[in-house]
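Report on the structure
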Amino acid sequence: MATIKTNVITPIATAYIEVSREYNNGDGTGRYITYKYRGSKDALRAASVDWVRAGGKYQISEDGPYSEATVTFAGNLFNPDNPTRVLDPTEEEPSQRYEFRTEYVDASLFELPLVRAEARTYISEEEYYSAVKASGDDPKNVKLPMPEAQFPLAYQLIKKLARGQTSFQTSRVSLTRISSYSALNGLPATPPIISAVYDGPNIANLNGFPTSVRNAMPRPPANPNLTPSGTAWSWLKTNDSTSLTIKTNLVERNETWTFAAWDLFAYPYNVDPRLLT
């Protein structure tokens, strides 16, 4: 944060002067600059029209022989030396930062890769899981229709299910982008009702991820037993929230994409986003 004091008359009007400006990055959430002006109340009130049109937030104090105005402009679009100059809001480049996070979730015991590998040697995966689940629910009366020597994990699963264990803890990666820009750009459109999933190159291209982020994005696992049937390792947008700071007129948008083996029955894969609206 830096403060500059000056007595230079602003180009907007000659009936008031800029006495200081304070630069702030909002603790990493985006740039905003606070100006202090001094002059006649009529001049400051007239100038407030330009401030509002340019996306500024202002407060005028009319105590004392001179009136004072505190004006805040947010975002990267405006020129600090001429903040009320009218510009195209679509030209603004938001301040952005990216975060990779690890989330811990519970997954079914049937998701263990060794279990899936064994299930794929049975008549079908579905029959394997059904048989194990039925026997786990009632091990006294329902016996497994498969030899223990050939399917040892199935018999271990029965013991775990019988004592109430149904899941294990695993992890997955999520990518969050935090964008800050002025409220002149408005709030983002409502996300589509039906979400789609995208592989790494497609999600990166659609959202313009920088090279450093693309290089850090995880790849699908090479072990086929980590990919359930009917799924694809891909990215699903799991959060898109926006907040508006009234004091600075600064918009912050949080977008999160989660990388997992998503069900292709529920989510379209690599489709044109325009087809989802």
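Nothing here was measured: the structure is a model prediction, and the numbers come from that model.

What counts as what
Residues numbered from 1 in each chain as written. Predicted model: local features only at pLDDT ≥ 70, side-chain atom pairs only at ≥ 80, totals over all residues. Heavy atoms only, no water. Helix = DSSP H or I, 4+ residues; strand = E, 2+ residues; numbered from the N terminus. Buried < 20%, exposed > 50% of the residue type's maximum accessible area, 1.4 Å probe, protein only. Contact = heavy atoms within 4.5 Å. Areas by Shrake-Rupley, 256 points an atom, 1.4 Å probe, with all protein chains shown as cover. Core = buried A, V, L, I, M, F, W, Y, C linked by side-chain atoms within 4.5 Å. Pairing = 2+ DSSP bridges. Axes fitted to C-alpha atoms, helices over the stretch in contact; angles between N-to-C directions. Parallel < 35°, antiparallel > 145°, perpendicular 65-115°, else oblique. Left-handed = near helix turned anticlockwise from the far one by under 90°. Nonpolar A, V, L, I, M, F, W, Y, C, P; charged D, E, K, R; others polar. pLDDT = per-residue confidence, 0-100. Expected span 1.5 Å × (residues − 1). Bend = angle between axes of the 7 residues up to and from the residue. Polar contact = N/O pair within 3.5 Å; in protein donor to acceptor, adjacent residues only side chain to side chain. Phe/Tyr/Trp six-rings, centres within 6.5 Å; stacked < 30°, edge-to-face > 60°.

Considerations on the overall build of the protein chain
In terms of helices and strands, the protein chain carries 6 helices and 10 strands. Across the 277 residues that make up the protein chain, the buried fraction comes to 36%. Contacts in the protein chain between residues at least 24 apart in sequence constitute 64% of all its contacts with a sequence separation of at least 6. Surface accessibility of the protein chain: about 16000 Å² in total, with carbon and sulfur atoms responsible for 53%.

Re the nonpolar core
Ranked by internal contacts, the top residues of the largest apolar core, which has 16 residues, are Phe110, Tyr128, Val132, Leu144, Met146, Ala154 and Leu157. Mapped onto this core, the elements with two or more residues apiece are α2 (113–119), α3 (125–137) and α4 (152–162). Formed by 13 residues, the second largest nonpolar core is a distinct cluster that contains Tyr16, Tyr37, Ala69 and Phe73.

Some words on the sheet that holds strand β9 (residues 231–245)
The 5 strands lie next to each other as β6-β7-β10-β9-β8, forming an open sheet whose pairing is antiparallel. Two strands close off the open sheet at either side, each with one partner strand: β6 (95–108) and β8 (197–198). Looking at chain direction, β8 and β9 are connected through 2 bridges and run antiparallel. Paired with Tyr198 across the strands is Trp235, a residue of β9.

Details of the packing of α3 against α4
Closest axis-to-axis distance for the α3/α4 pair is 8 Å, and the angle between their directions is 40°. With respect to each other, α3 and α4 are oriented oblique. Helix-helix and strand crossings are classified by hand; for α3 and α4 the assignment is right-handed. For the pair α3 and α4, the contacting residues are Tyr128, Val132, Lys133, Ser135 and Gly136 in the first and Leu153, Ala154, Leu157, Ile158, Leu161 and Ala162 in the second. Of the residues contributing to the contact of α3 with α4, the split by class is 8 nonpolar, 2 polar and 1 charged.

Some thoughts on the confidence of the model for the protein chain
With 86% of its residues at a pLDDT of 70 or more, the protein chain has an overall mean of 84. Of all the helices and strands in the protein chain, strand β1 (residues 2–5) carries the lowest mean pLDDT, 50, while β8 carries the highest, 96.

Description of helix α1 (residues 41–53)
The first and last C-alpha atoms of α1 sit 19 Å apart over 13 residues, in line with the 18 Å expected at 1.5 Å per residue. Within α1, the axis deviates most sharply at Ala47, by approximately 25°. Within α1 the residues assigned to the buried category are Ala43, Leu44, Ala47, Ser48, Asp50 and Trp51. Tucked inside the fold, the buried residues of α1 contact β2 (16–24), β3 (32–39), β4 (57–61) and β5 (67–74). With its phi angle positive at about 90°, Gly55 sits one or two positions after the end of α1.

Focus on the side chain of Ser179
Mapped onto the elements of the fold, Ser179 is located in strand β7 (residues 167–182). Overall, Ser179 belongs to the buried group, its relative accessible area being 3%. Among the polar contacts made by the side chain of Ser179, one reaches the side chain of Gln96 at a distance of 3.3 Å. Not counting the four nearest positions on each side in its chain, Ser179 is found in contact with Pro94, Ser95, Gln96, Val251, Glu252, Arg253 and Glu255.

Describing the packing of aromatic side chains
Taken as a whole, this structure holds 16 aromatic pairs when the rule is applied. With a centroid separation of 6.2 Å and an interplanar angle of 85°, the aromatic rings of Tyr16 and Trp51 are classed as edge-to-face. With Tyr16 in strand β2 and Trp51 in helix α1, the pair connects residues that are 35 residues apart, well separated along the chain. Trp51 sits in the buried class, given a relative accessible area of 0%. Aromatic pair Tyr122 and Tyr128: ring centres 6.2 Å apart, planes at 65°, arrangement edge-to-face. Comparing Tyr122 with Tyr128 shows no difference in burial state: the two are buried. Put simply, the rings of Tyr16, Tyr35, Tyr37, Trp51, Tyr58 and Phe73 pair up and form one aromatic cluster.

Overview of the environment of Leu157
Inspection of the secondary structure puts Leu157 in helix α4. When its relative accessible area of 4% is taken as the criterion, Leu157 is described as buried. Sequence-wise, Leu157 and Val132 are 25 residues apart; in three dimensions their C-alpha atoms are separated by 7.1 Å. Those residues within four positions of Leu157 in sequence are excluded, and the remaining contacts are Leu109, Phe110, Val115, Tyr128 and Val132.

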